[in-house]
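Single-letter residue listing:
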Amino acid sequence: MSQPTRHGGAVRATLAGIVDRFTPRGPGVRLDPTVRLDGQTALVTGASRGLGLAIAQGLAHRGARLILPCRSGHAEAEAAVLAVAPEAQVELLDVDLASPASVEALCDTLRDRGERLDLLVCNAGVVPARARTTPAGLDLMVHVNFLANVQLVRRLLDDGTLPRDRQPPARIVLVGSEAHRSAPPIDPDRWDRAEDYGTAAVIDHYGRSKLLLHAWVCELARRLDGPDGPQVAVHHLCPGAVASSIAREAPGWVKPLLDLLMRTFFASPAKASLPALYLAAEPTLDGRTGVYLHLDRARDVAATASDPEVGATLWDAAGARVLAWRSGP
Ligand SMILES: NC(=O)c1ccc[n+]([C@@H]2O[C@H](COP(=O)([O-])OP(=O)(O)OC[C@H]3O[C@@H](n4cnc5c(N)ncnc54)[C@H](OP(=O)(O)O)[C@@H]3O)[C@@H](O)[C@H]2O)c1
């Protein structure tokens with residue numbers, strides 16, 4: 001088989017992202033420029049670059065105090081935020097989301113200081129060149145794109161770092177992907193089994209990690225909802241095609257083409273961050289939960305992601321994993 005055919009998943013995903021971006025749809029949602037976040041504390045993951053940095057910049061510009069746990073690029077991220085919001089309060093912390101111990105240490109620090117977050121943005125994500133396994137024995141994408149978010153959110157909720165009694169409710173915004181639609185259904189017995197796959201199958205496995213995320217997010221929104229509204233509001237989105245570093249591990253032969261396509265057709269991180277900022281701060285969303293945006297439009301996630309039976313099974317299975325990390329070595 002020729003290489004372009006073998007890499008059909010990546011090519012299809014890239015073209016679909018471009019088509020989505022340029023399909024005319026009329027005006028979508030947009031956060032009014034006057035909305036302010038003064039006095040609010042937001043934690044954003046994956047803010048060292050790309051979409052996460054743009055989200056952090058947008059939040060800081062509106063007055064939020066930022067906590068940015070990063071794996072690398074701390075000084076550059078801080079400088080980039082201060083460049084757009086010189087008065088911003090920004091704190092860079094360390095985290096490697098592929099390390100359960102590192103996520104636990106981050107949560108310990110936040111708990112010990114008595115932090116109370118108004119907003120959590122789970123944005124970090126990864127697309128490796130081929131299958132990679134984390135020290136915990138998990139597929140890297142399943143670990144970073146999905147399970148690290150489960151670990152972080154559950155710890156922050158259990159510690160009260162993400163309070164359930166804030167009025168209006170605190171918000172959690174998670175960055176997923178439309179790639180979840182083309183993933184095979186979740187197999188409850190195999191979702192956490194690491195598989196060996198090559199570059200050609202990476203996008204399929206990326207979609208799988210995002211389907212796990214969206215299914216879990218739907219369940220999280222259901223569990224945090226109540227008769228008087230959500231204790232904590234939970235929203236998710238696909239930002240569409242973003243000109244970021246997400247494809248930095250793409251094979252050498254395809255990288256120049258991808259870089260050209262990204263520069264020409266993909267949205268800048270600043271533009272792509274607008275739907276995330278809307279979910280983070282739009283006042284008319286108070287009292288609502290479980291909103292999913294694709295670009296700037298509300299949409300339903302794939303039926304399998306919103307299936308309560310799938311969600312409940314995944315909640316228990318993923319919960320067992322992350323709770324074991326809490327007490328484990
Ligand atoms: N770009 C797109 O077209 C697109 C489309 C749909 C969805 N998304 C989603 O958008 C989100 C942001 O991606 P992006 O496009 O901005 O990609 P990016 O430029 O590669 O940024 C990814 C961010 O995640 C961080 N990260 C990755 N692995 C980590 C780990 N183990 N521990 C801590 N941080 C880690 C990276 O940190 P380092 O700087 O240390 O690597 C970086 O800050 C992801 O969830 C992605 O799946 C992107």
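Look a little higher up for the structure.
Residues numbered from 1 in each chain as written. Predicted model: local features only at pLDDT ≥ 70, side-chain atom pairs only at ≥ 80, totals over all residues. Heavy atoms only, no water.

A. Examining the packing of helix 3 (residues 50-61) against helix 4 (residues 74-84) more closely. Their axes nearest at 9 Å, the elements helix 3 and helix 4 cross at an angle of 40°. Of the possible angle classes, the one that applies to helix 3 and helix 4 is oblique. Relative to helix 4, helix 3 is oriented so that their crossing is right-handed. On helix 4, the residues touching Leu53, Ala56, Gln57, Ala60 and His61 of helix 3 are Ala77, Ala80, Val81 and Val84. (Axes fitted to C-alpha atoms, helices over the stretch in contact; angles between N-to-C directions. Helix = DSSP H or I, 4+ residues; strand = E, 2+ residues; numbered from the N terminus. Parallel < 35°, antiparallel > 145°, perpendicular 65-115°, else oblique. Left-handed = near helix turned anticlockwise from the far one by under 90°. Contact = heavy atoms within 4.5 Å.)

B. Region of interest: the sheet that holds strand 4 (residues 119-122). If you trace the eight strands from one edge of the open sheet to the other, you get 3-2-1-4-5-6-7-8, paired in mixed fashion. A strand with exactly one partner marks an edge of an open sheet, and here the two such strands are strand 3 (90-94) and strand 8 (297-298). Looking at chain direction, strand 7 (residues 292-294) and strand 8 are connected through two bridges and run antiparallel. Across the sheet, His294 pairs through a bridge with Arg297, a residue of strand 8. (Pairing = 2+ DSSP bridges.)

C. Expanded view of the site of the ligand. Around the ligand there are 28 residues in total, and Ser48, Arg71, Ser72, Tyr206 and Ser244 lie nearest to it. Backbone polar atom of Asn123 to an oxygen atom of the ligand: 2.7 Å apart, as the coordinates give it. The protein chains hide 96% of the 890 Å² of surface that the ligand would expose on its own. Counting only elements with at least two residues in the shell around the ligand, the list comes to helix 3 and helix 7 (202-223). (Near = heavy atom within 4 Å. Polar contact = N/O pair within 3.5 Å; in protein donor to acceptor, adjacent residues only side chain to side chain. Areas by Shrake-Rupley, 256 points an atom, 1.4 Å probe, with all protein chains shown as cover.)

D. Expanded view of the pattern of salt bridges. Per the stated rule, a full pass over the model turns up 21 salt bridges. Taking the shortest distance from any N to any O, the salt bridge between Arg113 and Glu115 comes out at 2.8 Å. Arg113 sits in the partly exposed class, given a relative accessible area of 37%. Given the relative accessible area of 10%, Glu115 is considered buried. Residue Arg132 pairs with Glu249 through a salt bridge whose shortest N-O separation is 2.4 Å. Note that Arg132 is positioned in the loop between strand 4 and helix 6 (140-159) and Glu249 in the loop between strand 6 (232-238) and helix 8 (255-265), a separation of 117 residues in sequence. Judged by relative accessible area, Arg132 falls into the partly exposed class, the value being 38%. (Salt bridge = Lys/Arg side-chain N within 4 Å of Asp/Glu carboxyl O. Buried < 20%, exposed > 50% of the residue type's maximum accessible area, 1.4 Å probe, protein only.)

E. A look at the environment of Val202. Following the sequence through the fold, Val202 ends up in helix 7. Relative accessible area serves as the criterion here: at 5%, Val202 is assigned to the buried category. Distance from Val202 to Ala250, taken between C-alpha atoms, is 9.9 Å for residues 48 residues apart in sequence.

F. Focus on helix 7. Under the 1.5 Å per step criterion, the end-to-end length of helix 7 is 32 Å for 22 residues, consistent within 8% with the ideal 32 Å. Of all 22 residues in helix 7, 18 are buried; the element is thus mostly enclosed. (Expected span 1.5 Å × (residues − 1).)

G. The arrangement of the packing of aromatic side chains in detail. Tallied over the entire structure, the rule returns three aromatic pairs. An angle of 5° between the planes, with centres 5.5 Å apart, marks the rings of Trp216 and Trp315 as stacked. Note that Trp216 is positioned in helix 7 and Trp315 in helix 12 (residues 308-327), a separation of 99 residues in sequence. Note on accessibility: Trp216 and Trp315 belong to one class, buried. (Phe/Tyr/Trp six-rings, centres within 6.5 Å; stacked < 30°, edge-to-face > 60°.)

H. Representation of the packing of helix 6 against helix 7. Two elements in contact, helix 6 and helix 7, have axes whose closest approach is 7 Å; the angle formed by their N-to-C orientations is 20°. Comparing their axes, helix 7 and helix 6 come out roughly parallel. Where helix 6 crosses over helix 7, the two elements pack in a sense that is right-handed. Mapping the contact onto sequence places Met141, Val142, Asn145, Phe146, Asn149, Val150, Val153, Arg154 and Leu157 in helix 6 and Val202, His205, Tyr206, Arg208, Ser209, Lys210, Leu212, Leu213, Trp216 and Leu220 in helix 7. Of the residues belonging to the contact of helix 6 with helix 7, the class tally is 12 nonpolar, four polar and three charged. (Nonpolar A, V, L, I, M, F, W, Y, C, P; charged D, E, K, R; others polar.)

I. Expanded view of the environment of Asp165. Inspection of the secondary structure puts Asp165 in the loop between helix 6 and strand 5 (170-175). Separated by 66 residues in sequence, Asp165 and Gln231 have C-alpha atoms that sit 6.3 Å apart. Only 3.0 Å separates the side chain of Asp165 from the side chain of Arg116, close enough to count as a polar contact.

So yeah, pure geometry; function would need other evidence.
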